[in-house]
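# Coordinate analysis (summary)
What follows is each chain in one-letter form.
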Amino acid sequence: MTIQTALLSVSDKTGVLDFARALHGLGLKLISTGGTAKLLADNGLPVTEISQHTGFPEMLDGRVKTLHPTVHGGLLARRDLPAHMDTIKAHGIPTIDLVVVNLYPFEATISKPGVTFEDAIENIDIGGPAMLRSSAKNHHGVTVVIDPADYATVLDEMKANAGATTYATRLALAKKVFAHTARYDGMIANFLTRLSNDGSTENARAYPDVLTVQFKKVQDMRYGENPHQSAAFYEDVLTAGVPKGLLAGYTQLQGKELSYNNIADADAAWECVRQFTDEPACVIIKHANPCGVAIADSPLAAYQKAFKTDTTSAFGGIIAFNRTVDAACAEAMSKQFAEVIIAPAFDDAARAVFAAKQNLRLMTVSLGDGQNPLDIKRVGGGILAQSPDTRTMSEAELKVVTTLAPTKDQLRDLLFAWRVAKFVKSNAIVFCKDGMTVGVGAGQMSRVDSARIAAIKAANAGLEIKGSVVASDAFFPFRDGLDVLADAGAVAVIQPGGSMRDEEVIAAANERGVAMVLTGVRHFRH
């Protein structure tokens, strides 16, 4: 069906003038509203104001202009039903075949510091979503465009199909509309249900009474955590694009399709490695836990140190870097079996090395400080939502509680170990020395068992644990864990403190000649 009439009403005017010119060139009648109509008229395009089209003036400061039977009758009438067509003809309502609408900038408005309740309310679009929904519902006869990126597609189809679009395109555009209006309404609900009943935005709550989230499917997975489970990967779209630095913004350069577990472990690796900004760092993850982390003066040196921590667990692991991977580093890693390697970039020589390993997945992710707005975990019948754990620790914040204070080098390793412990499943114990992990104990039901396992893994790897430092993600409930660390050769410990038996643990550290600092911050990771 040839498109004869277009209605254009956009807040984002990117590309709309050129689009309207092209539509006019194809012989379409142009109907428009407010600022969009003025833009078209000022540039010499013949345009019918919406008030002329409906025979009813815009009113209430523009709140009512398209909410009219002449508009919605022209959008909703089914072209294949004679009764519908006879009805709108009897009422003098012409069809509208193409709708180009995007909505008041509610998201941009509420993102402004100090936004008022009144500003937010006035930027809730009513007529726009109504036109979009009417058009999308009747996509058999109406083409609806909400995204300037789709202008070229629509024009190309009209030129190729005697002024018409294909049903496949109209359906795809309609799907996009309903997803967009759901997102728009979700943002409004999230914003409003955070406010108190007086509408004040100054003391808005962190968590809305009704939480609406939306995710867009990136790809289907071959299977989930296990082959009998199905799975898919989605990216968050309730925010404006993937924040820079988050895994969902990845590009896969080569290798097999990513699996559910690949993406889960890749996220753990990437989140850990991007905590290190001052020096090249390498993180190796296996089953969501770091099995080797190191900093050094080059990616190659960082990888070699990280790999030493646990060469057995590193088999089939995920490796992440915070610097560009070069040929020397690629050559070293090519001797190891890895599932995924992630970095901000791979130089051409490194890509050439990896080209021989066709199944190896290479991913690039831009470095950045973007964070998820909420950390969400599914439970039976609901979710848990919390702020992401972005807490960092500086040397000045540490409290020395033992007679013996750590040396400068030990303090550096303690802070390094503390960063790593944040990404180890609780209960977490991490031995470190000279900017590398030498033993990691993860996910045990008792902290003393995590301490024993970390020491055993260091011994199995043939690493020198004497003189190392240790991070514990939470306090020591008894002195036994501290004794295990001292017996293994640790000389300094970083932990949150806060136990009923802190004094007992501190006394044990003094007795064993171990320096101890408290952070006052816990990093459970479940």
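Remember, it's a predicted structure, so these values are computed and weren't measured experimentally.

## Let's talk about the nonpolar core
Formed by 53 residues in total, the largest nonpolar core has its most connected members in Phe321, Val325, Ile341 and Phe431. If sequence neighbours within four positions are ignored, Val325 has contacts with Ala330, Met333, Ala343, Ala345, Phe346, Asp347, Ala350 and Phe354. Ranked by size, the runner-up nonpolar core spans 48 residues in total, among them Ala281, Val283, Val440 and Ala492.

## Section: the packing of helix H8 (residues 127-137) against helix H10 (residues 167-192)
A pair of packed helices is characterised by two quantities: the angle between their axes and the separation of those axes. Their axes nearest at 9 Å, the elements H8 and H10 cross at an angle of 150°. When the axes of H8 and H10 are compared, the pair comes out roughly antiparallel. Seen along the crossing, H8 lies across H10 with a hand that is left-handed. Taking contact as the criterion, the partners of Pro129, Leu132, Arg133, Ala136 and Lys137 in H8 are, on H10, Ala174, Val177, Phe178, Thr181 and Tyr184.

## Notes on helix H9 (residues 151-160)
Regarding H9, the residues found buried are Tyr151, Val154, Leu155, Glu157 and Met158. Take H9 and look down its axis: the buried residues cluster within an arc of 165°, on one side only. Exposed residues pointing more than 90 degrees away from the buried face of H9 are listed as Lys159 and Ala160. Against the buried residues of H9 lie helix H1 (16-25), strand E4 (98-101), strand E5 (143-145) and H10. At the C-terminal side of H9, Ala162 shows a positive phi close to 55°.

## Examining the UniProt feature "domain: MGS-like" (unreviewed entry) in the protein chain
UniProt's feature table lists "domain: MGS-like" (unreviewed entry) at residues 1-146, given in the numbering used throughout. Helix and strand shares over residues 1-146 are 43% and 12% respectively, and the end C-alpha atoms of the span are 21 Å apart.

Cut-offs and rules
- Residues numbered from 1 in each chain as written.
- Predicted model: local features only at pLDDT ≥ 70, side-chain atom pairs only at ≥ 80, totals over all residues.
- Heavy atoms only, no water.
- Core = buried A, V, L, I, M, F, W, Y, C linked by side-chain atoms within 4.5 Å.
- Buried < 20%, exposed > 50% of the residue type's maximum accessible area, 1.4 Å probe, protein only.
- Contact = heavy atoms within 4.5 Å.
- Axes fitted to C-alpha atoms, helices over the stretch in contact; angles between N-to-C directions.
- Helix = DSSP H or I, 4+ residues; strand = E, 2+ residues; numbered from the N terminus.
- Parallel < 35°, antiparallel > 145°, perpendicular 65-115°, else oblique.
- Left-handed = near helix turned anticlockwise from the far one by under 90°.
- Arc of directions from axis to C-beta.
- UniProt positions renumbered as here; feature names shortened; annotations may be inferred.

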